[in-house]
Amino acid sequence: MPHLSLEDCNIGGYVVPVGTTVFVNFLPFGSGRRMCPGMNFALALIELMLVNLVYHFDWEMPRGVKEIDMTEVFGLTVHQKDKLILTPRLSCVAQPLEG
Ligand code: HEM
């Protein structure tokens, strides 16, 4: 998440003037006193979510794309430039028990 400096400050020799938008890069949960309090919860859930995505969907490259462009696109969250096509594996959907 971006933060805004409320006063001029000096961090490790770098002068950060008041009003500068700052964010901690490459640390997915941030750091310092405003770092993500849900980190441990999220780390436990991420594996479960990934396993479910791999199990329930067939993953394909977009039509005509030979290699995925892993360039990062910045927004509220960081995501990669190219998207994969996910098709649900309907055979995995739970079937009602007979009888
Ligand atoms: C993969 C999952 C997650 C990622 C990557 C993530 C990442 C982040 C980041 C980067 C921040 C800002 C840290 C900063 O400003 O320096 C943040 C803040 C926060 N996160 Fe998460 N988060 C995740 C999941 C969660 C979950 C599961 C919860 C709650 C159950 C949660 C609750 C919060 C809250 C309340 C804040 C605001 C903390 C504050 O401003 O003091 N996050 N998170």
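Note that this is a predicted model, so its numbers are computed, not measured.

So, how was this worked out
The numbering scheme is per chain: residues are counted from 1 as the chain's sequence reads. Totals for whole chains, interfaces and linings use all residues, but because this is a predicted model, local features are given only for residues with pLDDT of at least 70 and pairs of side-chain atoms are given and counted only at 80 or more. A run of H or I in DSSP becomes a helix once it reaches four residues, and a run of E becomes a strand once it reaches two; helices and strands are each numbered from the N terminus. The globule rule is 2.2 Å times the number of residues to the power 0.38, and the radius of gyration it is compared with is taken over C-alpha atoms. Three exposure classes are used. Buried residues have 20 or more other C-beta atoms within 10 Å of their own C-beta, exposed residues have 12 or fewer, and partly exposed residues fall in between, all C-beta atoms being placed from the backbone. Along the chain, pLDDT gives the predictor's confidence residue by residue, from 0 to 100. Only the C-beta atom matters for nearness: placed from the backbone, it must lie within 6 Å of the molecule or strand for the residue to count as near. By the convention adopted, Pro, Cys, Tyr, Trp, Phe, Met, Ile, Leu, Val and Ala count as nonpolar, Lys, Arg, Asp and Glu as charged, and the other residues, Gly among them, as polar. Domain start and stop points were drawn from an automatic or database domain assignment. Any two residues are considered in contact once their C-beta atoms, placed from the backbone, lie within 7 Å.

### Things to note about the overall build of the chain
In terms of helices and strands, the chain carries one helix and eight strands. Starting at the N terminus, the α and β elements of the chain follow one another as β-β-β-β-α-β-β-β-β. The C-alpha atoms of the chain give 21 Å as radius of gyration, which overshoots the globular expectation for 99 residues (13 Å, by more than 25%). Its C-alpha atoms put the chain at 70 × 40 × 20 Å along the principal axes. Counting every position in the chain, which comprises 99 residues, the buried fraction comes to 0%.

### Details of the confidence of the model for the chain
Averaged over every residue, the pLDDT of the chain is 86; the share at 70 or more is 91%. Both confidence scores are given for the complex: pTM 0.70, ipTM 0.97.

### A word on the site of the ligand
Around the ligand sit 13 residues, and of these Met 1, Gly 30, Cys 36, Gly 38 and Ala 42 come closest. Within the shell around the ligand, the residues separate by chemical class into 10 nonpolar, two polar and one charged. Each of two domains, domain 1 (1–28) and domain 2 (37–94), supplies a minimum of three residues to the shell around the ligand.

### Focus on the environment of Val 22
Topologically, Val 22 is positioned in strand β4 (residues 21–22). Take Val 22: there are 12 C-beta atoms within 10 Å of it, and that puts it in the exposed class. For the pair Val 22 and Leu 4, spaced 18 residues apart in sequence, the C-alpha separation works out to 6.0 Å. Setting aside its immediate chain neighbours within four residues, Val 22 contacts Pro 2, His 3, Ser 5 and Val 16.

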